[in-house]
2 protein chains.
Amino acid sequence: MLSRKASEDSHGQDSSYFLGWQEYEKNPYHPIHNPTGIIQMGLAENQLSFDIVESWLERNSDTLEMKKDGMSVFRELALCQDYHGLPAFKNELVEFMAKIRGNEIKFDPKNLVLTAGATSANEILMFCLANPGEAFILPTPYYPGFDRDLKWRTGVEIVPMHCSSLNGFKITSSALEQACQHAKNLNLKVKGVLVTNPSNPLGTTMTKTELNHLVTFAIDKNIHIISDEIYSGTVFDSPKFVSIMEVINERSLKNDEISKRVHIVYSLSKDLGVPGFRVGMIYSNNEKVVSTATKMSSFGLISSQTQYLLAKLLGDKKFTFDYMEVNKTRLKKQKEIIESGLKNAGIQCLKSNAGLFCWVDMKHLLSYATFEAEKELWKMILYRVGLNISPGSSCHCSEPGWFRICFANMSQETLKVAMRRIKVFIDSNSTMISIKQSFVNNANYYITRREITN
Amino acid sequence: MLSRKASEDSHGQDSSYFLGWQEYEKNPYHPIHNPTGIIQMGLAENQLSFDIVESWLERNSDTLEMKKDGMSVFRELALCQDYHGLPAFKNELVEFMAKIRGNEIKFDPKNLVLTAGATSANEILMFCLANPGEAFILPTPYYPGFDRDLKWRTGVEIVPMHCSSLNGFKITSSALEQACQHAKNLNLKVKGVLVTNPSNPLGTTMTKTELNHLVTFAIDKNIHIISDEIYSGTVFDSPKFVSIMEVINERSLKNDEISKRVHIVYSLSKDLGVPGFRVGMIYSNNEKVVSTATKMSSFGLISSQTQYLLAKLLGDKKFTFDYMEVNKTRLKKQKEIIESGLKNAGIQCLKSNAGLFCWVDMKHLLSYATFEAEKELWKMILYRVGLNISPGSSCHCSEPGWFRICFANMSQETLKVAMRRIKVFIDSNSTMISIKQSFVNNANYYITRREITN
């Protein structure tokens with residue numbers, strides 16, 4: 001009597017990505033109360049810079065109390081369900097987006113659509129750009145939640161574009177063409193490519209070369225580009241972040257048709273660490289997409305109370321400057337701890353410069369170069385080492401042995417505990433590992449050295 | 001290159017319901033700055049009791065500042081994106097729902113799904129209960145937004161069930177059967193009936209007889225019932241509100257299959273007057289619906305900041321008691337003003353006891369008994385009288401000449417200005433009207449006297 005969506009489990013929540021969370025919730029680590037519990041390293045949360053926001057909140061209780069010049073604006077906010085959002089908030093958001101991109105691009109608040117989180121922004125774009133049964137190409141590895149966000153309710157299909165460790169999982173013209181051919185074989189009409197830049201799970205920013213391949217491909221095939229840039233404020237190391245919009249401008253395509261087929265998704269969940277406040281958005285130069293998406297945003301508007309607070313917060317330019325600088329410094333430090341901790345255990349990460357996670361190579365720890373072995377290792381790390389990390393298979397990675405490990409949702413102390421646990425695990429299993437390592441070496445599965453840090 | 005949803009205007013926003021809003025926005029009434037402007041009577045907002053909430057907010061600045069026992073809970077809230085919502089909030093919500101229903105039913109927070117507004121709640125239920133191309137029966141007249149909420153992105157169809165002014169637009173077994181037959185003729189599989197109780201736009205509560213017809217029908221046909229009860233806290237006059245859940249309990253159907261096919265939609269937008277805060281919810285005894293809807297709520301979660309505030313607000317039992325009592329008294333007073341104002345101009349309303357609007361009979365003012373004439377009259381009232389009201393056709397009413405007029409989004413003074421304008425309009429057009437009235441009388445289109453007040 002229910003719909004197929006409700007009867008079938010097509011939302012993708014049963015992957016190990018989500019299962020690991022459930023295990024963590026049963027036995028969460030606490031330094032004093034549960035020191036042997038599971039450490040949550042599967043959650044891309046930014047908890048490093050709350051103190052800066054808290055100190056701002058302390059100084060701005062008037063805003064929290066929904067007051068302006070001492071007078072309550074509660075009535076106004078309580079009633080404000082206009083899907084265009086608070087103008088002051090949108091103005092601050094586009095300024096913030098521009099600042100993150102080094103003010104190389106100017107964003108127009110008229111082209112911005114507010115949504116209750118990026119989850120909703122991505123789904124709305126699917127509803128706007130593709131009919132059920134049409135497809136979007138996604139480079140692998142990709143964020144596990146996309147299976148739910150892009151496909152579940154829209155009926156849109158995802159065609160994976162397999163990227164390889166041999167070139168550091170970069171997007172190439174031939175990989176794009178192959179994905180297109182694959183879609184053709186499946187009789188699927190491709191409507192666009194969706195990329196995450198910086199990449200989740202890789203933690204890398206896209207190069208101009210990659211972005212250019214993408215734009216050229218989208219022009220040739222007459223399709224859309226969605227650039228999910230929700231980690232754009234987390235770029236803590238060089239090279240600097242380049243937005244798809246910059247490439248469009250540089251190639252003087254701003255007034256070309258392609259410009260109307262490029263759409264950015266953004267959110268404050270990662271860059272400002274407030275996922276609970278549900279602030280997402282779509283930026284598009286396509287008038288029809290903006291107007292349709294705005295109407296669709298009725299299904300997930302942002303609380304006006306929260307819009308009001310964040311408009312004031314982002315409007316404080318000293319705050320945003322300080323926050324961004326300190327936050328990046330802290331992310332970088334945390335990344336260094338995890339990188340050196342893993343290295344100490346003989347484990348390497350993909351060279352990265354952004355995000356709240358590392359993309360970690362554990363192929364040498366697999367009993368066989370298979371996804372079954374990857375799952376075995378994942379379980380061992382979850383239950384025996386007590387770390388919840390995400391296996392590459394949950395990100396649709398085409399090579400077994402990669403894992404995403406998050407580092408920004410915990411203190412340095414907890415991160416160090418995690419690294420010690422890994423070291424102990426590796427050392428106590430060294431004989432076993434050396435045997436397996438020789439197996440994997442023979443299988444010639446190693447990533448080229450230059451793509452790996454150190 | 002866009003989807004059909006984006007290319008076609010299938011969201012229903014071009015009805016006169018929404019067009020009237022746009023006209024209002026161009027020329028909004030203000031007692032001093034724009035005394036000849038349009039008065040907005042097409043918006044079901046409750047602005048009558050803000051002072052009570054404001055005075056609570058004034059006394060509880062700690063809650064607004066996201067503090068608990070003087071300590072900040074900002075971090076906790078910033079991170080809380082769990083789609084199960086804040087447990088404290090859900091506990092208060094089910095208590096509030098029970099209180100509105102005279103504590104005749106007990107609600108379990110486990111069966112509650114939080115959504116960003118009832119708009120999203122209704123859409124989620126469609127995604128859970130019906131496949132694209134399947135249908136829900138809706139008694140007419142119904143809320144104009146349902147065309148967007150239920151059909152647009154889900155692909156579900158609405159089969160109108162035509163109710164008649166002859167019995168005060170009540171739901172009857174034969175009307176249900178007719179709608180079912182109509183669906184059959186259209187080759188549509190009916191998955192359920194959706195009712196609004198109290199009704200928007202009628203402003204009436206459903207009788208036990210109607211609810212029993214509905215339950216019997218849903219048992220016979222093996223289909224779902226969605227009861228949208230977002231106005232349940234606005235019942236300001238007898239008879240008292242009866243929820244569908246009470247009928248299920250009274251007929252001892254609680255453990256029957258039908259109980260798992262009854263779903264309630266609720267919201268704080270109307271009863272508490274906070275649509276900008278985006279608080280909606282689904283209550284269902286169906287485990288699978290609850291779990292699927294919970295997953296779907298990812299596309300529109302409620303800001304944790306807002307959940308925290310409202311949990312504290314509703315948790316103050318003295319506040320909720322006072323608010324509900326005072327609010328009902330004020331709604332009743334406002335309703336009396338509009339009713340007597342309209343009567344003074346020779347216009348009658350359907351006898352009602354709830355909601356933020358009246359269902360008004362203006363058939364005698366139509367030049368012909370057609371929807372074209374209704375639109376003409378609507379335009380005249382919008383542009384010449386300066387009132388934005390909603391024509392019955394926008395609510396899919398099957399009889400021309402009915403209008404929904406909202407009364408709770410303005411002060412008594414503004415309401416009186418609106419009534420004076422109507423009176424002047426009618427008086428100055430009395431000769432014309434008397435001619436038309438005789439026409440309509442002949443067409444025998446009158447509602448039976450006992451269903452009309454006075």
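Residues numbered from 1 in each chain as written. Chains lettered and ligands numbered in written order. Predicted model: local features only at pLDDT ≥ 70, side-chain atom pairs only at ≥ 80, totals over all residues. Heavy atoms only, no water.

Undergrad: Mind showing me how you'd approach the nonpolar core here?
TA: Within soluble globular proteins, side chains that are nonpolar tend to cluster in buried spots. Formed by 163 residues in total, the largest nonpolar core has its most connected members in Phe89(A), Leu268(A), Phe89(B) and Leu268(B). In this structure Phe89(B) touches Leu114(B), Leu268(B), Val279(B), Ile302(B), Gln307(B), Leu310(B) and Ala311(B), once residues within four positions along its chain are discounted. Core analysis: the next-biggest nonpolar cluster, separate from the first, contains 148 residues, Leu194(A), Leu331(A), Leu377(A) and Ala345(B) among them. (Core = buried A, V, L, I, M, F, W, Y, C linked by side-chain atoms within 4.5 Å. Buried < 20%, exposed > 50% of the residue type's maximum accessible area, 1.4 Å probe, protein only. Contact = heavy atoms within 4.5 Å.)

Undergrad: What should I look at first to understand the packing of helix H13 (residues 304–315) of chain B against helix H14 (residues 317–344) of chain B in this one?
TA: Pairs of packed helices are described in terms of their axes, by the angle between the two and the distance that separates them. Residue and element names in this part refer to chain B. The N-to-C vectors of H13 and H14 enclose an angle of 80°; their axes lie 5 Å apart at closest approach. With respect to H14, the axis of H13 lies roughly perpendicular. Two secondary-structure elements touch here, H13 through Leu313, Leu314 and Gly315 and H14 through Lys317, Phe319 and Thr320. (Axes fitted to C-alpha atoms, helices over the stretch in contact; angles between N-to-C directions. Helix = DSSP H or I, 4+ residues; strand = E, 2+ residues; numbered from the N terminus. Parallel < 35°, antiparallel > 145°, perpendicular 65-115°, else oblique.)

Undergrad: So what exactly am I meant to see when it comes to the packing of aromatic side chains here?
TA: Geometrically, a pair of aromatic rings is defined through the distance of the ring centres and the angle of the planes. A full pass over the atoms with the stated rule returns 23 aromatic pairs over all chains. When the centroid spacing of 5.1 Å and the interplanar angle of 80° are considered together, the rings of Tyr143(A) and Phe146(A) count as edge-to-face. With a centroid separation of 4.8 Å and an interplanar angle of 85°, the aromatic rings of Phe107(B) and Tyr283(B) are classed as edge-to-face. You can see Phe107(B) sitting in the loop between helix H6 (87–100) and strand S4 (112–115) and its partner Tyr283(B) sitting in strand S10 (residues 280–284), a full 176 residues away along the chain. The class for Phe107(B) is buried, based on a relative accessible area of 5%. For Tyr283(B), a relative accessible area of 3% corresponds to the buried category. (Phe/Tyr/Trp six-rings, centres within 6.5 Å; stacked < 30°, edge-to-face > 60°.)

Undergrad: Explanation requested: the sheet that holds strand S8 (residues 224–228) of chain B in the structure shown.
TA: What holds strands together in a sheet is hydrogen bonding between their backbones, with the strands either parallel or antiparallel. Residues and elements named next belong to chain B. Strand order in the open sheet formed by seven strands is S4-S10-S9-S8-S7-S5-S6, with mixed pairing between adjacent strands. Every other strand in the sheet has two partners, leaving S4 and strand S6 (157–162) as the edge strands with one partner each. Across the sheet, the mean angle separating the axes of adjacent strands is 25° when strand polarity is ignored. Judged from the three bridges that link them, strand S5 (residues 135–140) and strand S7 (residues 190–196) form a sheet pairing that is parallel. Residue alanine 135 lies in a different strand from S7, and its bridge partner there is valine 190. Sitting on the sheet, helix H9 (residues 173–185) is in contact with S5, S6 and S7, with an inclination near 140° to S6. (Pairing = 2+ DSSP bridges.)

Undergrad: Looking at this structure, how should I read unusual backbone geometry?
TA: Excluding glycine, most residues fall at negative phi; most peptide bonds, likewise, are trans. Residue and element names in this part refer to chain A. In this structure, proline 201 follows asparagine 200 across a cis peptide bond, with omega equal to 25°. On the secondary structure map, proline 201 appears in the loop between strand S7 (190–196) and helix H10 (208–221). Notably, serine 252 is not glycine yet its phi reads approximately 50°, a positive angle. Tracing the sequence through the fold places serine 252 in the loop between helix H11 (244–250) and strand S9 (262–267).

Undergrad: Can you walk me through helix H16 (residues 412–428) of chain B in this structure?
TA: Think of an α-helix as turning once every 3.6 residues; residues three or four places apart then point the same way. For H16(B), built from 17 residues, the straight-helix expectation of 24 Å at 1.5 Å per residue is met to within 8% by its first-to-last C-alpha distance of 24 Å. Residues of H16(B) that are buried include every one of Thr414(B), Leu415(B), Val417(B), Ala418(B), Met419(B), Arg421(B), Ile422(B), Phe425(B) and Ile426(B), and no others. (Expected span 1.5 Å × (residues − 1).)

Undergrad: Help me understand the interface of chain A and chain B, please; the structure alone is not making it clear to me.
TA: Bring the parts together and some accessible area is lost; that lost area is often taken as the interface size. With 74 residues of chain A in contact, the opposing surface of chain B contributes 74 residues. Here chain A meets chain B over a buried area of about 6700 Å², counting both sides, of which 59% is carbon and sulfur. If you sort the residues of chain A by the area they bury against chain B, Met1(A), Arg153(A) and Phe299(A) come out on top, with a joint share of 13%. Our count for the chain A to chain B interface comes out at six salt bridges. Across the pair Glu54(B) and Arg75(A) runs a salt bridge whose closest N-O atoms are separated by 2.8 Å. Our enumeration of links across chain A and chain B arrives at 25 residue pairs in polar contact (both at pLDDT 80 or more). Elements represented by at least two residues in the side of chain A that touches chain B include exactly helix H1 (4–7), helix H3 (50–59), helix H4 (61–64), helix H5 (74–79), helix H7 (118–129), helix H8 (146–152), helix H12 (287–296) and helix H13 (304–315) of chain A. Of the residues forming the side of chain A that touches chain B, the biggest block, seven residues, is contributed by H7(A). Split by residue class, the side of chain A that touches chain B holds 32 nonpolar, 23 polar and 19 charged. (Buried area = accessible area lost by both parts, 1.4 Å probe. Salt bridge = Lys/Arg side-chain N within 4 Å of Asp/Glu carboxyl O. Polar contact = N/O pair within 3.5 Å; in protein donor to acceptor, adjacent residues only side chain to side chain. Nonpolar A, V, L, I, M, F, W, Y, C, P; charged D, E, K, R; others polar.)

Undergrad: Teacher, can you tell me more about the confidence of the model for chain A here?
TA: As a general rule, the predicted coordinates of low-pLDDT regions are not to be interpreted in detail. Residues and elements named next belong to chain A. Summary statistics for chain A give a mean pLDDT of 93 and a share of 93% for residues scoring 70 or more. Below pLDDT 50 for its whole length, residues 438–454 participates in 41 contacts with residues either more than four positions away or in separate chains. Overall fold confidence (pTM) sits at 0.93, and the ipTM for the predicted complex is 0.93. (pLDDT = per-residue confidence, 0-100.)

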